[in-house]
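Survey of secondary and tertiary structure
Each chain is listed here by its residues.
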Amino acid sequence: MRPDRRMDKQPWLTGLAGVCLILLAAQALLCLWQARALQLRLDHAHVAAEAARALQPELVRPAGLRSLRPVVDALLQRPDLGLRFLAVQDAEGVVLARAGWLEALRLPLLPQRLQEQWRDTLYAVWGSYGSRSIRGRDGRLLGSIEYSLEPGAVEGVRVEAVAALRLAGWISAGLTLPLAAMVAIGLYRQRRAKPEWLGRADPDRPVSGNGWGASDVGEFRDRAGEVMDALQYALIVTDREGVVRYLNKTAEHLTGWSMADAQGRLLYSIFHLVDGAGAVLPGPADGALREGRPQAMQSGWLRRRHGETVPIEMTAYPMRNRQRLLDGITLLFRDTTPQQQALQSLRREARLSQAVVDHLEEGLLITDMAGVVHSANARAERMFGYSRDELVGATVTKLMPVPFLNAPTIRITDYVASRNVGKLPKVVGWRKDATTFPIELWVQPMRVESADGLVVVVRDISERLRGENLAMRLGRLLDNASEEVYIFEAQSLYFLEVSRTAQRNLGYSPEQLARMTPLDISAELSEESFHHFLADLRGGDKDHLVYRCRHKRADGSSYPVEVRLNFSRDEEPPVFMAIATDIGDRLLAEERLSQLAHFDALTGLPNRVMLHDRLQQALLAAQRGPRLLGVFFLDLDRFKQINDLHGHAVGDQVLKAVADRLRSAVRPSDTVARLSGDEFVILAPGLRSAEDAQFVAAKLLDRFAQPLDLPGLAITCRPSIGITLYPLDDSDADGLLRHADNAMYQAKQAGRGCWRLFTAEIDPGRRRQFDLEREIHAAVALNQFHLMSAPVLDAEGRAHALLAALRWQHPRHGVIEGTELWQAASRAGLVADLELWQICRACEQLDAAAQEKLPLLPYLLPVSGWQLRDRQFIAHLGDLLARYRVPAACLVFAVTPDGLIEASDRHADTGQLLRAGVRLALRDFNLMPASPSLPLAYVLAGASVLHVPERVQALRAALPRQTVIIATGVSTPEELRRCHAAGIACAAGPAVAGDLDPSALAAWLRNSRIDDAV
């Protein structure tokens, strides 16, 4: 048989022997393992049976527990059982006896329970663990045993099956030895044999003819091409004439020529080498063919078949035959695009790094260990005034002569991260123009390409030193200033700097102030106001602002300050600066000036200026309410005689005693003022009538009937009093004082020591208005109001609704109704009460009609729009509807256009009320609102609308068809005919039907025709 045939069969035989070897080894291990497991089960059965047989009698006998331990020890000592551990338990699991080889082993500081668990674990690891229950002859459970035995130490248990399994295992193991030897020999021979292709590639192989066989050459080229493809190299093989014979896959991809198209072509026709500008370059293949030797690596651009170019690097090697003659060339090249891209990326990063270094605020020098500069950034060029080329090669002694030139013992390396930098001399830089500047150095060692160097960071600290010097001077000035200076962060608001004056005034240490903010030391300054101040300054709305507050000392006291607050955006981070001035003395001075300007120096009462101010305020308050303002003008009788008799000192004491007595005689809300000399004025707001003013005057005169309490004197001094009442006396402040002064002179002419009321001619209409405003409160309490009902009828006399008409039966002025009544209620602040009162009466009348089985008509009641937004009003209305069981649809609230707008902004309760059935109507309007926001059931058109036909037409066009228009105030048959002609079917007024009281309303409902749509 041929050797190559034997080589072909040898791998198959080796593989078959290996499979047999694995199967036999697996069978041997399985048999031995099964033999051991079977023997162990038999040993357990034998040991458990022997132990149960020995322990059963002891567990049955009541007194056998005492002899149980010796039996356990005897079982452990039997060599045929191979026991290492035995424990006996009763039926409840209580351990009765326990013995073993490790029971005497004790570990210190370990609880008994853990020690037992530790010993059980060792028994299970070193032996085979088992357990068994022990039962009596009757099947009752007597107890159980737990034990550990030594595998292979049990005697007397021998079974032929175990021996057979062991024998089979050892036979299989013996057969694996020759098979292992066969596999080893086969593998060794395969390793020594050469691959077929390697033999064909051997140059010493004998061949026929002068060259390789065609198949051998082709296979070698294919394998070489695959290797080059794996290395991402293109391979082109030509003959000695430069004709292409072979291209690998990478060459096909780079040139764009397939091997089928390229074979037989000259090399220069498929491989076009150009430079970056497109000019043709000579390739390495020409040199290899011409010179017959390998060419150096060359770079260029390859123009592919379709015209695009790619960067490549290439080389060429000559190929020779057996006679060492040139047989062709091998051209190797590869695409360098990734390398070009990586190179461009490195160049961009280098340019970016240089730009970053050049934009540093500090100068950067790279030097060797001797201090010779190798590179510098742009900042260093500007700092020293040299160009970069001039800096390269310069030494630090030239650039920084102090201290490196003046002190030769000081070297640049002394500044490398030294702990003694503070003890080293200061550095001064020397510019090209011979000017100097202070420098701060930061030196760090650097190692690049096995060479040691230094990174020297140079910082010009001229501005910093100037700033520090200026800050020191300013700090001394601020510390010696009388104002308090605070600088705090714009974000956290914590204090950064606090002047010594502020520390001294507050009593806090600098450490305590560093953890505080302006709000911590400020009283009477809300956090909201303070943050509003800061926001104004941050937003640029104000350059500065001034506010006042009180600063709290550490001892709890405080003092008033005026703070001027500024915002500095130039700081990094931004800060606020506050300058506080103690204004305690200023406030005292201002208070004294205010006291002198507004109060009498002798009596402490308000003077004429303060009196006029309070009188103006009292007039405004009186205009908003129904009460009277009383102005009392007092003059002391015969005060000149007291001055002449006792002197001015006693006169001053009399004036102060009179002021004290006047203050004690009036209410805290009243004002007592000294006008001049012995003249005093009292302002008493909130009087109900002239009788109240007379009572106050009598009270004052009664107080002065007793002598004044003076040291060593008892002087009786009575005043004469003039009174005027606003708005009965409808004058301004000066007029009221003048009229009260006139009334005082009338009192003096009447005999002194009495009072007189100023009387002026008052317009009867104003008197009536004033009486109504003053007495409407009593009318509510006396039930002087009556709710009248005005029927709303159509042209055929059918009833559609009822209009509410409120009347006041005044005891002097007769019947008050309509606009006059509601204006008086508005001035008295009773509109809400009266509206709720008439709703209550309407519900009573509707409830009475329902009880008599009478038809219920919608009741139109005037209501203010703001009432519909009042939760309390909504709650009262709900209570009335529930109390009188009145359908909500029977109540129609007539609102004005302004009230309609107010009601449109309703809350959930109002919406729920409208959904329950309460309806709305519009009243008192000249023009219809463009788009009512709430649905209207009725529209009450007055005379201002009815007399203009265009308004009537616009009204009808603006309203939906279901809205009913009612003409109100129709007083003549002509007006009624005009309404019907205009298309307004429903009307109310004297010409339609008179107003009905509650008793007449019931009779009218019995006899009236009711519209079916109601």
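Residues numbered from 1 in each chain as written. Predicted model: local features only at pLDDT ≥ 70, side-chain atom pairs only at ≥ 80, totals over all residues. Heavy atoms only, no water.

Our next topic: the pattern of salt bridges. Evaluation of the coordinates by the stated rule reveals 34 salt bridges. Between Lys-748 and Asp-635 there is a salt bridge; the shortest N-O distance is 2.9 Å. With Lys-748 in helix α26 (residues 733-749) and Asp-635 in strand β22 (residues 628-636), this pair connects stretches of sequence that are 113 residues apart. The exposure class assigned to Lys-748 is buried, which follows from its relative accessible area of 15%. One salt-bridge network, in which partners are shared between bridges, spans Glu-50, Arg-53, Arg-78 and Asp-80. (Salt bridge = Lys/Arg side-chain N within 4 Å of Asp/Glu carboxyl O. Helix = DSSP H or I, 4+ residues; strand = E, 2+ residues; numbered from the N terminus. Buried < 20%, exposed > 50% of the residue type's maximum accessible area, 1.4 Å probe, protein only.)

The assigned domain composition of the protein is domain 1 (11-164), domain 2 (232-341), domain 3 (360-465), domain 4 (481-588), domain 5 (599-758) and domain 6 (790-804 + 829-1006). Computed over C-alpha atoms only, the centres of domain 1 and domain 6 are separated by 107 Å. (Domains from an automatic or database assignment.)

Most of strand β30 (residues 799-810) is tucked away, with 10 of its 12 residues classed as buried. Direction of pairing for strand β29 (residues 785-793) relative to β30: antiparallel, over a ladder of 9 bridges. Bridging from a neighbouring strand, His-786 pairs with Arg-807 of β30. As consecutive antiparallel partners, β29 and β30 are separated by 5 residues, and within that stretch Gly-797 has a phi angle of approximately 85°, a positive value. As paired strands, β30 and strand β32 (residues 859-862) are joined by 2 bridges and run parallel to one another. What sits directly across from Leu-803, in β32, is Leu-860. Where β30 and strand β31 (residues 814-817) come together, 4 bridges link them in antiparallel fashion. Within β31, the position partnered with Arg-807 by the bridge is Glu-817. Counting the residues in the hairpin turn of β30 and β31 gives 3 residues. (Pairing = 2+ DSSP bridges.)

As a further point, take the UniProt feature "domain: PAS" (unreviewed entry) in the protein. The feature "domain: PAS" (unreviewed entry), as given by UniProt, occupies residues 220-272 and 348-393 in the numbering adopted here. Split by type, residues 348-393 is 48% helix and 22% strand. Its first and last C-alpha atoms lie 26 Å apart. (UniProt positions renumbered as here; feature names shortened; annotations may be inferred.)

A separate point is the sheet that holds strand β24 (residues 679-687). Strands belonging to one sheet form pairs held by backbone hydrogen bonds; the direction of such a pair is parallel or antiparallel. If you trace the 5 strands from one edge of the open sheet to the other, you get β23-β24-β22-β27-β28, paired in mixed fashion. One side of each edge strand has no neighbouring strand; the edge strands of this open sheet are β23 (671-676) and β28 (755-757). Looking at each pair of strands side by side, their axes are set apart by 20° on average, direction ignored. Of the strand pairs in this sheet, β22 and strand β27 (residues 719-726) are connected by 8 bridges, and their pairing is antiparallel. (Axes fitted to C-alpha atoms, helices over the stretch in contact; angles between N-to-C directions.)

The subject of this paragraph is the packing of aromatic side chains. One pair of aromatic rings is described through two measures. These are the centre distance and the angle between the planes. Here the structure, examined in full by the defined rule, presents 12 aromatic pairs. Here the basic side chain of Arg-661 rests over the ring of Phe-704, its NZ or CZ set 5.9 Å away from the ring centre. (Phe/Tyr/Trp six-rings, centres within 6.5 Å; stacked < 30°, edge-to-face > 60°. Lys NZ or Arg CZ within 6 Å of the ring centre and 35° of its normal.)

Strand order in the open sheet formed by 4 strands is β2-β1-β4-β3, and the pairing between neighbours is antiparallel. Every other strand in the sheet has two partners, leaving β2 (95-100) and β3 (128-135) as the edge strands with one partner each. Direction aside, neighbouring strands of the sheet carry axes that sit 15° apart on average. Pairing of strand β1 (residues 83-90) with β2, which is carried by 5 bridges, proceeds in the antiparallel orientation.

The next thing to look at is the side chain of Arg-923. Summarising the element assignment, Arg-923 is placed in the loop between β34 (919-922) and β35 (938-941). Here the side chain of Arg-923 touches Ala-894 through a polar contact of 2.7 Å, landing on its backbone oxygen. Beyond its immediate chain neighbours, meaning those up to four positions away, Arg-923 contacts Pro-862, Val-863, Ala-894, Val-895, Thr-896, Pro-897 and Leu-940. (Polar contact = N/O pair within 3.5 Å; in protein donor to acceptor, adjacent residues only side chain to side chain. Contact = heavy atoms within 4.5 Å.)

Further remarks concern the nonpolar core. The biggest cluster of nonpolar side chains holds 74 residues, and the ones touching the most others in it are Ile-776, Phe-785, Ile-839, Phe-893 and Trp-1004. Of all the elements, helix α29 (residues 831-851) adds the most residues to this core, at 9 residues. When sequence neighbours within four positions are dropped, the list of residues in contact with Phe-785 reads Ile-776, Ala-779, Val-780, Leu-806, Arg-807, Trp-808, Leu-821, Leu-834 and Trp-837. (Core = buried A, V, L, I, M, F, W, Y, C linked by side-chain atoms within 4.5 Å.)

In this model, α26 (17 residues) spans 25 Å end to end at C-alpha, consistent with the 24 Å of a helix rising 1.5 Å per residue. All buried positions along α26 are accounted for by Ala-733, Gly-735, Leu-736, Leu-737, His-739, Ala-740, Ala-743, Met-744, Ala-747 and Lys-748. In this structure, the buried residues of α26 make contact with α22 (608-623), β22, β24, β27 and β28. (Expected span 1.5 Å × (residues − 1).)

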